[in-house]
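Here's the letter readout for the chains.
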Amino acid sequence: MKVRSITAFAPAGVSIDDAATAAGEFLVRARAAVGAGGIEVQTVRLALPPLRNVVRDGARPRELVEFAERLEHACAEHAVDYVSLGPWQPGDPELLAGTLPEVLGRTSRLFATISFATADKGVDTRSAHLAADTIVAAAPLEPDGFANLRFAALANVGPGTPFLPAAWSSGDGWSFAMAMECADLARTAFTDVPDLQAGADELVGLIEEHGRTLAGIAEGLADERFRFGGLDFSLAPFPRNADSVGATLESMGVEACGLPGTTAASAVLTTALGRVRLPLTGFNGLFLPVLEDDRLAVRAAEGDLRLEDLLLASAVCGTGLDTVPLPGETTAEDLVPWLLDLGALAVRLDKPLTARLMPMPGLEAGDPLEFDFPFFAAGAVMDLASARWTGSREPLPIRPRR
């Protein structure tokens, strides 16, 4: 297990320089404290409040681009690895949402998001269209569509989640939280066990054992200025067998990830996560990022794992549609129905879900993928079922099931 990120959340109204300075000083101290406890910290990150809290009313697109560039530069100067701009939300100027592709193109360590669904307001169709437009516009900005690695559409994601791109701050003072890379714990827990209940019990024990150590360190770091927000023990993978969520699901009895049984096995894992007694925040679910898990990438390339399967699993387990490689000719109209379905699940089940969709410029469904990037596995472009949303752009009247 590793700490993928220690994320600091900035208050509303803080200047770029003050935010980067305060976050940098705290995160250096936090990284050292966790490292001294024998746990590797991969990155440290900063997350801002929503755009409406950090960009003045009436701001022009150029001002947002300049703000993002200055923010990224200030974070680099203070040893903050990555920064989240904070989400565009329904009601914000659409002109600013349309500027996000340029923001992504002018930065390299900054993340951006568009929120399009919440439990209290339902699914905002117009915002889903804006998110789809952003994905398509960002696709050709970097080789292999990598600009979309730094953009996500958010559905019912609240503040305080330490995983980027989803991370954003409530603006209510400074806080911090930790995101885990701990799919290896599940891989260990379900190896050589007599039944799935024994594996689930072992997983709960392993998470609580590691979590108590981390929580103790975090509580020691908290002070009058920085509040400890919690731990996110989502089962985030890395592209090798020992850290593969896909391999774990198949060891539990699934013939191949994506085939029937995948949702049931996923629910076993997330039921176990729900039993963990620790200070938690964020998703605390099952990550199924196609390109970040070597087994998932293989099953997607073979055709066993489809977008429909990932969406179904989101109902019981995870975080949505993550690092999904799509054909380069994918249009915004192709993406909108998928985002609406994702938003409907998030709102109706009152859970956080995200979409990080990556059209691959110049490639078609089935084309092989190879990356010079340690966090991505080799795979193939996934097929996208063709569909169009022919309804209006008015908000969908969906509310959580009570």
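Up top is the structure these notes are about.
Residues numbered from 1 in each chain as written. Predicted model: local features only at pLDDT ≥ 70, side-chain atom pairs only at ≥ 80, totals over all residues. Heavy atoms only, no water.

As for the overall build of the protein chain
To be explicit about the condition: A run of H or I in DSSP becomes a helix once it reaches four residues, and a run of E becomes a strand once it reaches two; helices and strands are each numbered from the N terminus. Using C-alpha atoms as the atom set, the radius of gyration is obtained and then compared with a globule rule of 2.2 Å times the number of residues to the power 0.38. Whether two residues are in contact is decided by their heavy atoms: any pair within 4.5 Å suffices. When charges are counted, neither His nor the chain ends are considered; positive counts come from Lys and Arg and negative counts from Asp and Glu. The location of each charge is read from NZ of Lys, CZ of Arg, CG of Asp or CD of Glu.
Check the secondary structure of the protein chain and you find 13 helices and 12 strands. The C-alpha atoms of the protein chain give 20 Å as radius of gyration, which agrees with the globular expectation for 402 residues (21 Å, within 12%). In terms of its C-alpha atoms, the protein chain occupies a principal-axis envelope of roughly 60 × 55 × 45 Å. Taking as baseline every contact in the protein chain between residues at least 6 positions apart, the subset at least 24 positions apart corresponds to 79%. In the protein chain, 33 side chains carry a positive charge and 54 a negative one; their mean positions are 5 Å apart.

A closer look at unusual backbone geometry
Rule in force here: Only protein chains enter the accessibility calculation, which uses a 1.4 Å probe; a residue whose area is less than 20% of its type maximum is buried, one above 50% is exposed, and one in between is partly exposed.
The peptide bond linking Leu164 to Pro165 adopts the cis configuration, its omega dihedral lying at 5 degrees. The phi torsion at Ala79 lies on the positive side, around 65 degrees, for a residue other than glycine. Positionally, Ala79 belongs in the loop between α3 (61-77) and β3 (82-84). You can call Ala79 partly exposed: its relative accessible area is 45%.

Some details on the pattern of salt bridges
Here is the rule we go by: Each salt bridge in this description consists of a side-chain nitrogen of Lys or Arg and a carboxyl oxygen of Asp or Glu lying within 4 Å of one another.
Scanning the entire structure with this criterion turns up 21 salt bridges. The partner of Glu40 in a salt bridge is Lys2, and the shortest N-O contact between them spans 3.8 Å. With Glu40 in the loop between α1 (16-36) and β2 (41-47) and Lys2 in strand β1 (residues 2-9), this pair connects stretches of sequence that are 38 residues apart. Among the salt bridges present, the one from Glu250 reaches Arg299, with a minimum N-O distance of 2.7 Å. Linking Glu250 in helix α9 (residues 245-251) with Arg299 in helix α11 (residues 294-302), this pair joins segments that are 49 residues apart in sequence. On the accessibility criterion, Arg299 (16% relative accessible area) is buried.

Thoughts on the packing of aromatic side chains
Keep this limit in mind: Any two of the Phe, Tyr and Trp rings considered here, Trp counted by its six-membered ring, make a pair once their centres fall within 6.5 Å; the pair's planes then place it as stacked at under 30 degrees, edge-to-face at over 60, or tilted in between.
Across all of its chains, the model carries 14 aromatic pairs by this definition. Between Phe146 and Phe376 the ring centres are 5.3 Å apart and the planes differ by 70 degrees, which places this aromatic pair in the edge-to-face class. Of the two residues, Phe146 is situated in the loop between α6 (125-138) and β6 (151-155) and Phe376 in the loop between β11 (368-369) and β12 (379-380); the sequence distance between them amounts to 230 residues. Look at Phe376 and you get buried, because its relative accessible area is 5%. Aromatic side chains Trp174 and Phe226 sit 5.0 Å apart centroid to centroid with 40 degrees between the ring planes, which places their arrangement in the tilted category. Within this pair, whereas Trp174 is found in strand β7 (residues 174-181), its partner Phe226 is found in strand β8 (residues 226-232), the two being separated by 52 residues in sequence.

Re α3
Test applied: In this scheme, a helix's expected span is set at 1.5 Å multiplied by one less than its residue total.
Taking 1.5 Å as the rise per residue, α3 with 17 residues should run 24 Å; its terminal C-alpha atoms sit 25 Å apart, in good agreement. All buried positions along α3 are accounted for by Leu64, Val65, Phe67, Ala68, Leu71, Glu72, Ala74 and Cys75. Downstream of α3 by one or two residues, Ala79 has phi in the positive range, about 65 degrees.

Observations concerning the nonpolar core
Formally: Residues enter a nonpolar core if they are buried and are Ala, Val, Leu, Ile, Met, Phe, Trp, Tyr or Cys, with the set joined through side-chain atoms within 4.5 Å.
In terms of nonpolar packing, the biggest core is built from 120 residues, with Ile6, Leu46, Met178 and Leu214 touching the most fellow members. At 10 residues, helix α8 (residues 196-221) tops the list of elements feeding residues into this core. Membership of the second largest hydrophobic core comes to 10 residues, among which are Ala152, Ala166, Ala179 and Ala236.

Focus: α1
With 21 residues, α1 should reach 30 Å at 1.5 Å per residue; the first-to-last C-alpha distance of 30 Å fits that figure. Against the buried residues of α1 lie β1, β2, α3, β7, α8 and β8. Just past α1, the residue Gly38 takes up positive phi, approximately 85 degrees.

A few points about the side chain of Ser175
Topologically, Ser175 is positioned in strand β7. Using a relative accessible area of 8% as the deciding quantity, one classes Ser175 as buried.

Some points on the side chain of Thr7
Note the following rule: Polar contacts, as used here, are pairs of N or O atoms within 3.5 Å; protein pairs need one atom able to donate a hydrogen and one able to accept it. Residues neighboring in sequence count only if both atoms are side-chain atoms.
By the secondary structure assignment, Thr7 is in strand β1. On the basis of relative accessible area, Thr7 is assigned to the buried category, the value being 0%. Within the structure, the side chain of Thr7 is placed 2.9 Å from the side chain of Ser5, a separation counted as a polar contact. Among the polar contacts made by the side chain of Thr7, one reaches the main-chain carbonyl oxygen of Pro162 at a distance of 2.8 Å.

Digging into the environment of Thr7
As a C-alpha pair, Thr7 and Thr161 span 154 residues in sequence and 8.6 Å in three-dimensional space. If we ignore the near neighbours within four places in the chain, the residues touching Thr7 are Arg45, Ala47, Pro162, Leu164, Ala167, Ser175, Phe176 and Ala177.

A word on the packing of α1 against α3
Let me state the cut-off plainly: Axes here refer to lines fitted to C-alpha atoms; in helices the fit is confined to the stretch in contact. Angles between the N-to-C directions go from 0 to 180 degrees. We call two directions roughly parallel when the angle between them is under 35 degrees, roughly antiparallel when it is over 145, roughly perpendicular when it lies between 65 and 115, and oblique otherwise. The crossing is said to be left-handed when, going from far helix to near helix, the turn is anticlockwise and less than a right angle, and right-handed when the turn is clockwise. When residues are grouped by polarity, Ala, Val, Leu, Ile, Met, Phe, Trp, Tyr, Cys and Pro land in nonpolar, Asp, Glu, Lys and Arg in charged, and all others, Gly among them, in polar.
Packing of α1 against α3 leaves a shortest axis separation of 9 Å and a crossing angle of 30 degrees. Classified by the angle between their axes, α1 and α3 sit roughly parallel to one another. Crossing of α1 over α3 shows right-handed handedness. Contacts between α1 and α3 pair Ile16, Asp17 and Ala20 from the former with Phe67, Arg70, Leu71, Ala74 and Cys75 from the latter. For the contact of α1 with α3, the residue count by class is six nonpolar, no polar and two charged.

Some thoughts on the environment of Asp350
By the element assignment, Asp350 lies in the loop between α13 (332-348) and β10 (353-360). A C-alpha to C-alpha distance of 8.4 Å links Asp350 and Thr118, two positions 232 residues apart in sequence. Contacts of Asp350, omitting those with residues within four sequence positions, involve Ala119, Asn156, Leu345, Pro400 and Arg402.

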